[in-house]
Amino acid sequence: MKKALILVLLIAMVAPIFADDALVMPAGVIRVYATGAYATINKAYDSDSKAQDTNKVTIGNIGAAAEFGINDWITAAAQWAPGYNVSSSIDKAPKATLADSADVFLGAKVQIIGPKAPVQNDMMRFAVAAGIKVPTSKPDWKTEFTNQQAGKDFLAAPADNQVLGLGGRGYFDYIISDKIFLNIYSEFIAYPAAVDVKDTSTTGFGTVAGTQLATSDPTYNPSLKYGYDLTLEFEPHFTTMIADGLEFGAGLPFTYKLNPGLTVSGDKYNAITAANNFAVDASNSLTVGPNVSLFFQKTFLPIEAKLGYTLPLAGKNSQATSIITLQVKFYAKFY
C-alpha cells in the first residue's frame, strides 16, 4: 500500500547559493554574500516517485554568508543561506506562515591539491571541509497550535531541522582549460541527537498537516531523529572575460539529495502506525540548477552577481520545488 505523503510543509530550500567547487579564497581576502530566493511548490513526489498535485506554496527567503582566506589554501566560512523566510503563502491555509529561520553552517575548507596547496597541481583541485550546523530557531509549538485554533496567524512548519548537525564536504575539480572545469561535490551532515517537537500539531506531526503521523490528540509529543543528509553534485563550469575587468560565468549543476528517513518516537499510541516508535521512509530529490554570473573585478569593491534557477527533475517522498535565486558577492582584501 502506498504511504501517504509527509513533510509536505517542511521546507528545505535547495537554492544554488554557494560555490561547490574546490577553489578557496586567497590569503587575507573576505567574500561577503547577500542572497535572495523565491521558491514555488505545487507538486510533490510520492513513495512511488510519481509527482502529485499539492496545495501551492510560495516562499521568499533572504540569507547571508562570509568566507575568509586564512592563507592561500584554508578558508573559514559562516553560511546562513537559506536564511530567513520573510514571506510565504499556502493555498487553502491563509493563516499559516513559514516565517522561520534556517540553521547556520560554520566550518573551514582546506585545499589539499591545487596551484598553491600543499600538493601543488595545475590540472586539478581537491579540497575538504569540516563543520557544524547550528540551530537558530526553536518555535513554541504549543503557542502556534493555540494560535491556529484561535484563527490567528501560526507557523505551519520549521525552516530547518532545529538540531545540531555534524559533517563534512568534499570538492574535486578537473581543469580542462583556463575557461572550463568540471566539479564533483559531496556533503554529509549527521544529526546524532533527537529534537523534541512537543505539541507540533501544526507541523505534520499532529492533527492538522499530516496524515501518516497524526493522532487525534494534540498533546501527542513526538521526538525526531533526522539521521543524515547526503548531497552529491556534478557541475560543468565556464568562465570568460567579455570586457576589461568583466568576467562572465555559467554553470549547470545536477544535484542529488538523500535522507534515510526520520525515526519518530512518541509517548502516546499512534493509531495509524499502531506503534509509539516508527520510521518514516527515505526521501530523495534530483534537480538541475542552471546559473549565470557577472564578476565586476575593477570596481572599488569587486562585485559578483549570480542568477540561478533550480528545476526539479525527480524525487521520492519529497517536494518538487522550483527556486529562483539572486546572489551578490562583495570582495575585500585585508592583507
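Source: prediction; values computed, not measured.

Caption draft 1: The overall build of the protein chain, seen in detail. The helix and strand inventory of the protein chain stands at one helix and 21 strands. A buried classification covers 47% of the 335 residues belonging to the protein chain. Across the protein chain, every contact between residues at least 6 apart in sequence was considered, and the portion connecting residues at least 24 apart equals 67%. Surface exposure of the protein chain reaches about 15,400 Å², of which carbon and sulfur atoms provide 63%.

Caption draft 2: Local environment of the environment of alanine 93. The topology assignment puts alanine 93 in the loop between β3 (74-90) and β4 (96-97). A sequence separation of 60 residues divides alanine 93 from aspartate 153, and the C-alpha atoms of the two residues are 9.8 Å apart.

Caption draft 3: Geometry of the side chain of serine 283. Mapped onto the elements of the fold, serine 283 is located in strand β18 (residues 283-288). Filtering out sequence-adjacent residues up to four positions away, serine 283 remains in contact with Lys257, Leu258, Asn259, Lys316 and Asn317.

Caption draft 4: Spatial organisation of the nonpolar core. Among the nonpolar cores identified, the biggest contains twelve residues, and these are Ala37, Ala39, Ile41, Val57, Ile59, Ile90, Ala96, Leu98, Phe154, Ala156, Ala157 and Ile323. Elements with a contribution of two residues or more to this core: β1 (29-45) and β2 (51-71). Ranked by residues supplied to this core, first place goes to β1 with three residues. Counting nine residues, the second-largest nonpolar core is a separate cluster that includes Val163, Ile189, Tyr191 and Val195.

Caption draft 5: Up close: helix α1 (residues 141-149). Residues of α1 that are buried: Trp141, Glu144, Phe145, Asn147 and Gln148. Burial along α1 is one-sided: seen end-on, the buried residues are contained in an arc of 160°. Residues Lys142 and Gln149 are exposed on α1 and point more than 90 degrees away from its buried face. Taken together, the buried residues of α1 touch β8 (154-155). Phi turns positive, to about 80°, at glycine 151, one or two residues after α1.

Caption draft 6: Seen up close, the pairing of strand β14 (residues 246-251). Here six bridges tie strand β13 (residues 227-243) to β14, and the two strands are oriented antiparallel to one another. Across the sheet, residue threonine 240 finds its bridge partner in β14, namely phenylalanine 248. Where β13 hands over to β14, the hairpin turn is made up of two residues, of which glycine 245 adopts a positive phi near 75°. Relative to strand β19 (residues 291-296), β14 runs antiparallel, the two being bridged by six bridges. Within the sheet, the bridge partner assigned to alanine 250 lies in β19 and is valine 292.

Caption draft 7: Layout of the pattern of salt bridges. All chains considered together, the criterion is met by seven salt bridges. The residue arginine 31 makes a salt bridge to glutamate 67 at a minimum N-O spacing of 2.7 Å. Residue arginine 31 is located in strand β1, and its partner glutamate 67 is located in strand β2; the two are separated by 36 residues in the primary sequence. Ionic pairing is found between aspartate 53 and lysine 43, a salt bridge with its closest N-O pair at 2.4 Å. Of this pair, aspartate 53 sits in strand β2 while lysine 43 sits in strand β1, and the two are ten residues apart along the sequence. Overall, the relative accessible area of 61% leaves aspartate 53 in the exposed class. The class for lysine 43 is partly exposed, based on a relative accessible area of 33%.

Caption draft 8: Structural detail: the pairing of strand β15 (residues 254-259). Both β13 and β15 contribute to a ladder of five bridges, which runs antiparallel. Bridging from a neighbouring strand, glutamate 233 pairs with threonine 255 of β15. Where β15 lies against β18, six bridges are found, and the strand directions are antiparallel. Its bridge partner being in β18, threonine 255 is matched across the sheet by threonine 287.

Caption draft 9: Region of the structure containing the packing of aromatic side chains. If you walk through the whole model with that rule in mind, you get six aromatic pairs. On the basis of an interplanar angle of 65° and a centroid distance of 6.2 Å, the ring pair of tyrosine 191 and tyrosine 226 is categorised as edge-to-face. One end of the pair, tyrosine 191, is in strand β10 (residues 180-191); the other, tyrosine 226, is in the loop between β12 (223-225) and β13, with 35 residues separating them in the sequence. Tyrosine 226 sits in the buried class, given a relative accessible area of 7%. Through successive ring pairs, a cluster of aromatic residues spans Phe68, Phe334 and Tyr335.

Caption draft 10: Quick look at the environment of lysine 109. Residue placement: lysine 109 occurs in strand β5 (residues 104-114). Classification of lysine 109 by relative accessible area gives buried; the value is 11%. Distance in space between the C-alpha atoms of lysine 109 and alanine 22 is 8.8 Å, their sequence separation being 87 residues. A polar contact is formed between the side chain of lysine 109 and the backbone oxygen of leucine 23, at a distance of 2.7 Å.

The rules behind the values
- Residues numbered from 1 in each chain as written.
- Predicted model: local features only at pLDDT ≥ 70, side-chain atom pairs only at ≥ 80, totals over all residues.
- Heavy atoms only, no water.
- Helix = DSSP H or I, 4+ residues; strand = E, 2+ residues; numbered from the N terminus.
- Buried < 20%, exposed > 50% of the residue type's maximum accessible area, 1.4 Å probe, protein only.
- Contact = heavy atoms within 4.5 Å.
- Areas by Shrake-Rupley, 256 points an atom, 1.4 Å probe, with all protein chains shown as cover.
- Core = buried A, V, L, I, M, F, W, Y, C linked by side-chain atoms within 4.5 Å.
- Arc of directions from axis to C-beta.
- Pairing = 2+ DSSP bridges.
- Salt bridge = Lys/Arg side-chain N within 4 Å of Asp/Glu carboxyl O.
- Phe/Tyr/Trp six-rings, centres within 6.5 Å; stacked < 30°, edge-to-face > 60°.
- Polar contact = N/O pair within 3.5 Å; in protein donor to acceptor, adjacent residues only side chain to side chain.

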